[in-house]
Amino acid sequence: MDLRLNDIVEMKKPHPCGEKLWLVTRVGMDIKLKCTRCGREVMLPRAKAEKGIRKIVEREEPHE
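Residues numbered from 1 in each chain as written. Predicted model: local features only at pLDDT ≥ 70, side-chain atom pairs only at ≥ 80, totals over all residues. Heavy atoms only, no water.

What follows covers the side chain of Asp7. Tracing the backbone shows Asp7 in the segment before strand S1 (8–11). When neighbours within four sequence positions are excluded, Asp7 is seen to be in contact with Asp2, Trp22, Leu23, Val24, Ile56, Glu58, Arg59 and Glu60. (Helix = DSSP H or I, 4+ residues; strand = E, 2+ residues; numbered from the N terminus. Contact = heavy atoms within 4.5 Å.)

Below you can see the structure in the form of structure tokens.
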């Protein structure tokens, strides 16, 4: 999966606060996600994060 910094992704399961949308704040072997509702940050191994992501909702286009 092609994840980039500042992508907003929809997860399969909601966060306990009820939100399914997360902001990608770090990409590498681990993926760091920030809840768009409550601001909680979690870091997941790439494989686990990719399994939990349903789709990329919004992508920031590169500046030229």
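So, on to the environment of Gly18. Within the secondary structure, Gly18 is located in the loop between S1 and strand S2 (21–26). In this structure Gly18 comes out as partly exposed when scored by relative accessible area, which is 44%. In the structure, Gly18 is positioned 38 residues away from Ile56 in sequence and 18 Å away in space, judged by C-alpha atoms. (Buried < 20%, exposed > 50% of the residue type's maximum accessible area, 1.4 Å probe, protein only.)

By size, the foremost hydrophobic cluster in this structure holds 10 residues: Leu3, Val9, Met11, Trp22, Val24, Ile31, Leu33, Cys35, Ala49 and Ile53. For this core, the elements supplying multiple residues, two or more each, are S1, S2 and strand S3 (30–35). In terms of residue count, S3 provides more of this core than any other element does, three residues in total. Leave out the neighbours within four places in its chain, and Leu33 touches Val9, Met11, Trp22, Leu23, Val24, Thr25, Arg40, Glu41, Val42 and Leu44. (Core = buried A, V, L, I, M, F, W, Y, C linked by side-chain atoms within 4.5 Å.)

Of the two faces of S3, the one lined by Ile31, Leu33 and Cys35 is fully buried and the one lined by Asp30, Lys32 and Lys34 carries no buried residue. Bridge count for S2 against S3 is four bridges, and the pairing is antiparallel. Residue pairing for S3: Arg26 is matched across the bridge by Lys32. Count of turn residues in the S2/S3 antiparallel hairpin: three residues. Linking S3 back to strand S4 (residues 41–45) in an antiparallel pair, the connection comprises five residues, with Gly39 at a positive phi of about 85 degrees. (Pairing = 2+ DSSP bridges.)

Purely geometric numbers; function is a separate question.
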